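Spelled out from the first residue to the last, the chains are:
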Amino acid sequence: MGSATSVNLARSEEENPSLTQRESSPIAQDGEESKTLVEDSNETKEKEVEDGEECSFCTYIKAGECKESWIELEKCLDEAKKKDGESDVTKCKEARKMFKTCIYDNPVHYEPVIAAETYMFAKMLSDLQAKKEAVLVDKAQVVAKMLSELKAEKEAILSGDAASIVKALSKLQKEEDETINIMPAEAAAIAKKFSELEAKKKEKEEKVLFVWSRTMKKVCLFMILVCLNAASFLVSAESQTCPADLGGKCSDSDDWQGEFFPGIPQIRYEGPSSKNPLAYRWYNAEEEVLGKKMKDWFRFSVAFWHTFRGTGGDPFGAATKYWPWEDGTNSESNKNLDEVIELAKELQKGSKIRPLWGTAQLFLHPRYMHGGATSSEVGVYAYAAAQVKKAMEVTHYLGGENYVFWGGREGYQTLLNTDMERELDHMARFFEAAVAYKKKIGFNGTLLIEPKPQEPTKHQYDWDAATAANFLRKYGLINEFKLNIECNHATLSGHTCHHELETARINGLLGNIDANTGDAQTGWDTDQFLTDVGEATMVMMSVIKNGGIAPGGFNFDAKLRRESTDVEDLFIAHISGMDTVARGLRNAAKILEEGRLSELVGKRYSSWDSELGKQIEEGKADFEYLEKKAKEFGEPKVPSAKQELAEMIFQSAM
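Because the structure is a prediction, the values reported are computed rather than measured.

Student: Any chance you could explain the environment of Thr-565 here in plain terms?
Tutor: Along the chain, Thr-565 falls in the loop between β14 (554-556) and α22 (567-594). Each C-alpha atom of the pair Thr-565 and Lys-321 lies 5.7 Å from the other, and the pair is 244 residues apart in sequence. If near-sequence neighbours (up to four positions away) are discounted, Thr-565 is found in contact with Thr-320, Lys-321 and Trp-323.

Student: What exactly am I supposed to notice about the pattern of salt bridges here?
Tutor: Two side chains bearing opposite charge may form a pair once their charged atoms approach each other closely. Tallied over the full model, the rule gives 15 salt bridges. Put simply, Glu-480 and Lys-439 hold a salt bridge, and the shortest N to O gap is 3.4 Å. Here Glu-480, found in the loop between α18 (465-474) and β12 (481-486), pairs with Lys-439, found in helix α17 (residues 420-440); they are 41 residues apart in sequence, far enough to count as distant. With its nearest N and O atoms 3.2 Å apart, the salt bridge here joins Asp-525 to Lys-452.

Student: Which parts of the structure should I look at to understand the nonpolar core?
Tutor: Among the nonpolar cores identified, the biggest contains 89 residues, and Phe-298, Phe-405 and Phe-554 are the most heavily contacted of them. Tallying contributions element by element places α22 first for this core, with 11 residues. Contact partners of Phe-405, with chain neighbours within four places excluded, come to Val-388, Met-392, Phe-430, Phe-431, Ala-434, Leu-447, Leu-448, Ile-449, Glu-450 and Phe-481. Counting residues in each nonpolar core, the second largest holds 19 residues, with Cys-58, Cys-92, Tyr-104 and Ile-114 among its members.

Student: What exactly am I supposed to notice about the packing of aromatic side chains here?
Tutor: To describe a pair of aromatic rings, you give the distance between the ring centres and the angle between the ring planes. For the structure on display, the rule yields 21 aromatic pairs. Judged by centre distance (4.8 Å) and plane angle (10 degrees), the ring pair of Phe-298 and Phe-300 falls under stacked. Taken together, the aromatic side chains of Tyr-280, Tyr-283, Phe-298, Phe-300, Phe-529, Phe-554 and Phe-556 make up a single cluster linked through ring pairs. Over the face of the ring belonging to Trp-297 we find Lys-292, whose NZ or CZ atom lies 4.3 Å from the ring centre.

Student: Honestly, the state of the cysteines in this entry has me stumped. Any pointers?
Tutor: Put plainly, two cysteines are in a disulfide when a covalent bond ties their sulfur atoms together. Counted by the stated rule, this structure contains three disulfides. Each disulfide pairs two cysteine sulfurs, and for Cys-66 the partner residue is Cys-102, the sulfurs being separated by 2.0 Å. Taking the torsion about the sulfur-sulfur bond, which here is approximately -105 degrees, the covalent link between Cys-66 and Cys-102 counts as left-handed. Of the two residues, Cys-66 sits in the loop between α3 (56-62) and α4 (67-82) while Cys-102 sits in helix α6 (residues 93-105), which places them 36 residues apart along the sequence. The disulfide that involves Cys-487 links it to Cys-497, with 2.2 Å between the sulfurs. Classification of the bridge connecting Cys-487 and Cys-497 rests on its S-S torsion, roughly -50 degrees, and on that basis the disulfide is left-handed. With Cys-487 in helix α19 (residues 487-492) and Cys-497 in helix α20 (residues 497-506), the pair connects residues that are 10 residues apart, well separated along the chain. Pair check on accessibility: Cys-487 and Cys-497 agree, each one buried.

Student: I tried to follow the packing of α4 against α6 on my own but got confused; where do I start?
Tutor: When two helices pack together, their arrangement is given by the angle between the helix axes and the distance between those axes. The N-to-C vectors of α4 and α6 enclose an angle of 155 degrees; their axes lie 9 Å apart at closest approach. Here α4 lies roughly antiparallel to α6, going by the angle between them. Considering how the two elements wind past one another, α4 and α6 form a crossing that is left-handed. When α4 is examined against α6, the residues Ser-69, Trp-70, Leu-73, Cys-76 and Leu-77 are found in contact with a partner set consisting of Ala-95, Arg-96, Met-98, Phe-99 and Cys-102. Within the contact of α4 with α6, the residues separate by chemical class into eight nonpolar, one polar and one charged.

Student: Would you explain unusual backbone geometry in this entry?
Tutor: Glycine aside, a negative phi is what most residues show, and trans is what most peptide bonds show. In this chain, Glu-455 is followed by Pro-456 through a cis amide linkage whose omega measures 15 degrees. Mapped onto the secondary structure, Pro-456 falls in the loop between β10 (446-449) and β11 (459-460). The step from Ala-550 to Pro-551 runs through a cis peptide bond, and the omega angle for that step is 10 degrees. With respect to the helices and strands, Pro-551 occurs in the loop between α21 (533-545) and β14. A positive phi angle, close to 70 degrees, is found at Glu-455, a residue other than glycine. Along the polypeptide, Glu-455 turns up in the loop between β10 and β11.

Student: So what exactly am I meant to see when it comes to a nonpolar patch on the surface here?
Tutor: Nonpolar side chains collect at one region of the surface, where Val-601, Tyr-605, Trp-608 and Ile-616 lie side by side and expose about 360 Å² of accessible area between them. Relative to the assigned elements, Val-601 resides in helix α23 (residues 596-604). The class for Val-601 is partly exposed, based on a relative accessible area of 42%.

Student: Whenever I open this one, the confidence of the model for the protein confuses me. Can you help?
Tutor: Taken over all residues, the pLDDT of the protein has a mean of 78, while the share at 70 or more is 73%. The model gives residues 43-50 a pLDDT under 50, and that stretch makes 13 contacts with residues more than four places away or in other chains.

Student: Just checking my understanding: could you explain α4 for this structure?
Tutor: Along an α-helix, residues three or four positions apart point the same way, because every turn accommodates 3.6 residues. Between the first and last C-alpha of α4 there are 23 Å, a value that for 16 residues agrees with the 22 Å anticipated at 1.5 Å per step. Every buried residue of α4 is accounted for by Ser-69, Trp-70, Leu-73, Glu-74, Cys-76, Leu-77 and Ala-80. Buried positions in α4, seen along its axis, are confined to an arc of 165 degrees and lie on one side of it. The outward face of α4, more than 90 degrees from its buried face, is lined by the exposed residues Glu-68 and Lys-82.

Conventions we followed
Residues numbered from 1 in each chain as written. Predicted model: local features only at pLDDT ≥ 70, side-chain atom pairs only at ≥ 80, totals over all residues. Heavy atoms only, no water. Helix = DSSP H or I, 4+ residues; strand = E, 2+ residues; numbered from the N terminus. Contact = heavy atoms within 4.5 Å. Salt bridge = Lys/Arg side-chain N within 4 Å of Asp/Glu carboxyl O. Core = buried A, V, L, I, M, F, W, Y, C linked by side-chain atoms within 4.5 Å. Buried < 20%, exposed > 50% of the residue type's maximum accessible area, 1.4 Å probe, protein only. Phe/Tyr/Trp six-rings, centres within 6.5 Å; stacked < 30°, edge-to-face > 60°. Lys NZ or Arg CZ within 6 Å of the ring centre and 35° of its normal. Disulfide = S-S within 2.5 Å. Axes fitted to C-alpha atoms, helices over the stretch in contact; angles between N-to-C directions. Parallel < 35°, antiparallel > 145°, perpendicular 65-115°, else oblique. Left-handed = near helix turned anticlockwise from the far one by under 90°. Nonpolar A, V, L, I, M, F, W, Y, C, P; charged D, E, K, R; others polar. Patch = residues over 30% accessible without salt bridge, like charges linked within 9 Å, V, L, I, M, F, W, Y side chains within 5 Å. Areas by Shrake-Rupley, 256 points an atom, 1.4 Å probe, with all protein chains shown as cover. pLDDT = per-residue confidence, 0-100. Expected span 1.5 Å × (residues − 1). Arc of directions from axis to C-beta.

The structure is reproduced here in structure tokens:
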């Protein structure tokens, strides 16, 4: 308490927002001795005397009934300071006691001082148990004993027993010769404040438990509205999997002890010969391929929407799944979201799990029937902006690395009632505002657009990668966004996933991949897990050519089939998906290292390595010059494309 202005820090936290900054001083931090009221004030006095003026705290003290005892204490402290090696703690013991007695005998004037010191001691007692987590390992036994003793004294402290309070506080003193004197009146005040702090602590704990019990059923709170790093969540090869509850510890066995997924073991890499469905056969996180670890090539994530809230419903049938963590609610409010996110933030401590990306759902609610950014109603546009603003803030707060825009209804059903040009302009303004807000809040993540041709609208404005790239160029946003390519969306637009990835890559826009696939015999977005090794190999050929996709990754925007209803199926599906793309990576690396396919492609375009070819590629050949060359060459000889050979080379790597 260094000045008259700081004594009020003992007031409520609501009255003094800076209280939390002060709370660290009463308890010794990192081995430092806690300071008493007089020691704090003496430091301030010395500083202000150096500045040529009496300390404000001294003036305040002398204005009350304890002026004389304060002056005596000052003299004692000054004398002790002048004599080398003599402790003011022992020499000024009586002077301290007299001053302290006077303070408590005159509570009206010195109420702020009494309140501050009472709070300090009570806080020391209340926080002593929390010290267990902060101390070094070699002090664990000592602290455990202290906590055990304090527990036995707790009732005595609450009753205001001065001896018990002194005993507990003495445990925090660094110097053995320094004693603490607690008077009956002071003990009662400390006991009262201690009781209040304990009640606040209990209330806070109960609130955390309430939020936890309310949101645990929604499972994996790290992934609310976002896709998270499943390489850690889905049992990372880096470390043992631990239960997700706040108080859980890692078991010595390979089995989870948490309540989320009982019976699911730690998922390990066992190699291609393994028959264990709950083990990786091809994905080995630490294995290096082309100079980069597998986990860094993929940066896997699991989708909250499809995985943890997937119901099994389809256009012709109701839900078939009711997961153990579901409570039947679907609350949509910032207040509810804030509670969940705060718990997610708490759960992130001590882990490497962060959102791969976040997004806002702007298609399910009836307000978005005409779209969000392209709605014909300006109020809906504003609502969508507010929702994206909040989702972007949350993604940033949880350490997310990307933010995705999927325009589920940003399109039209018929042009007869649609002003397409105006809607496209509005969508561009929406994206411009998103870019501006991203920079304003300091979010350094990548903004991603996810192309999709249709469903739920007849025609969506981000039809495919080429359409999205053209839109970004037209509105000057090409350097602000990249694309999140979903393989199933590529199918719906009449392309292969490989085509969409290559289109994004050559335009410098490949930012993330939604790793899923569709069914050739089904006419809608089935979002199945990718299990086709050939398709995965072509996907990874594009990723390798791109040098990877970080800070993006592979998000499993996929869901179980309607008939798969066991929790175990969630793990099997993700393991299968991870193994498939891992096998694709191995195959793609083999193809590129062998070089036969690259050689075939190079040979096919070898004529362009000629002098004429170089002139054309450099823009130095006009039509007149090319006409002259055509006459010189005569009828060109067109070689075979060797498609069957290319397919043979590709398949040989499978």
